[in-house]
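Residues per chain are reported as follows:
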Amino acid sequence: MVGHTDRANRATTLPPGQRRAEGFPRFGTHLHRPPPPVPPDATITIAGVVTAATAFPVSELATLPRAAMTADFHCVAGWSATGLHWEGVAFADFYRVVVAPVIAPHTRVTHLVFGGADGYRSVVEVDDAFGADVMIADRLDGRPLDGQHGAPARLVSPQQYGFVSAKHLSLIEVHDHAPAENFGAASPLARLAFHLPVFRRHPRARVWREERHPYLPARVLRPVYRLFIEPIRAMSAR
Ligand SMILES: Nc1nc2c(c(=O)[nH]1)N[C@H]1C(S)=C(S)[C@@H](COP(=O)(O)O)O[C@H]1N2
Ligand SMILES: [Mo]
């Protein structure tokens, strides 16, 4: 049990600049594309500074120490979904059992890249990835994760903006220095957009500190980002 993660009064309080969304929208940089198909033998590849790339069968998440938590989910565009119940494996446990054994000797791991089967990539500093409430989730609200929200498994890092929480997790890349990439969008159009300075992501992306952007003030970005919620929701709706 990972336990509640946001503040004690989380039922009534959202992080600065966030508004409660109706339900839990499918959102992201995949825009109009349907969720990637889930092969029955789906795996998560461990790559980067490892002795040998390994493929971990997603179905074996069921055999690792299980964790559960209720947490809110905050998109940097400004919507929040509240009271989501996630089940899966604490990321620290997954790292200890699956990732650490294949890391090349004498490596000081600094960053992890989480890749999705749709081509999406998020860069996470190790300290953030080891947060007590960070997990690889394969169940949401008592059911197996559906295509909308990241089947067969996704990262969930509730204290960071949603762009960290890669869906359809198929790759974990181990890095010993900061990767040059800042944000790996899933579609070519979104990749173009995310080259614009206004869409650069904050490397920590902690929601309670409103780290929306590496240098632009969050208050300036709030209204700009909010403009994108409805168009992206509409395009993602399926
Ligand atoms: N694979 C993948 N993961 C992704 C995205 C995406 O486009 N593809 N979008 C990110 C963004 S910006 C957000 S806000 C959340 C949205 O998660 P949801 O669709 O479950 O609401 O997923 C994140 N993870
Ligand atoms: Mo987002």
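Notes on the structure follow. (Residues numbered from 1 in each chain as written. Chains lettered and ligands numbered in written order. Predicted model: local features only at pLDDT ≥ 70, side-chain atom pairs only at ≥ 80, totals over all residues. Heavy atoms only, no water.)

## A few points about the pairing of strand β6 (residues 111-116)
Inference 1: Within β6, six of the six residues are buried, which leaves it mostly tucked inside the rest of the structure.
Inference 2: Of the two faces of β6, the one lined by His 111, Val 113 and Gly 115 and the one lined by Leu 112, Phe 114 and Gly 116 are each fully buried.
Inference 3: Here β6 pairs with strand β7 (residues 121-125) via five bridges, running antiparallel. Across the sheet, Leu 112 pairs through a bridge with Val 124, a residue of β7.
Inference 4: In this structure, β6 lies alongside strand β11 (residues 169-175), joined through six bridges in antiparallel fashion. Residue pairing for β11: Gly 115 is matched across the bridge by Leu 171. (Buried < 20%, exposed > 50% of the residue type's maximum accessible area, 1.4 Å probe, protein only. Helix = DSSP H or I, 4+ residues; strand = E, 2+ residues; numbered from the N terminus. Pairing = 2+ DSSP bridges.)

## What about a nonpolar patch on the surface?
Inference 1: A cluster of nonpolar side chains, contributed by Val 224, Leu 227 and Phe 228, occupies part of the molecular surface with about 260 Å² of accessible area.
Inference 2: With respect to the secondary-structure elements, Leu 227 resides in the loop between α4 (218-226) and α5 (229-236). (Patch = residues over 30% accessible without salt bridge, like charges linked within 9 Å, V, L, I, M, F, W, Y side chains within 5 Å. Areas by Shrake-Rupley, 256 points an atom, 1.4 Å probe, with all protein chains shown as cover. Salt bridge = Lys/Arg side-chain N within 4 Å of Asp/Glu carboxyl O.)

## Remarks on the site of ligand 1
Inference 1: Residues in contact with ligand 1 amount to 21 residues; listed here are only the nearest, Pro 25, Asp 118, His 149, Arg 154 and Lys 167.
Inference 2: Within the complex, 98% of the 540 Å² of free accessible area of ligand 1 lies under protein.
Inference 3: Of the residues assigned to the shell around ligand 1, the class counts are nine nonpolar, eight polar and four charged. (Near = heavy atom within 4 Å. Nonpolar A, V, L, I, M, F, W, Y, C, P; charged D, E, K, R; others polar.)

## Remarks on unusual backbone geometry
Only a minority of non-glycine residues have a phi that is not negative, and only a minority of peptide bonds are not trans.
Inference 1: Each neighbour pair has its own omega, and for Ala 151 with Pro 152 the value is 0 degrees, a cis peptide bond.
Inference 2: When you line up the elements, Pro 152 lands in the loop between β9 (143-144) and β10 (154-156).
Inference 3: Phi angles above zero are rare outside glycine, and His 106 is one such case at about 60 degrees.
Inference 4: Note that His 106 resides in the loop between α1 (91-99) and β6.
Inference 5: One non-glycine residue, His 168, lies in the positive phi region at around 50 degrees.
Inference 6: With a relative accessible area of 1%, His 168 lands in the buried category.

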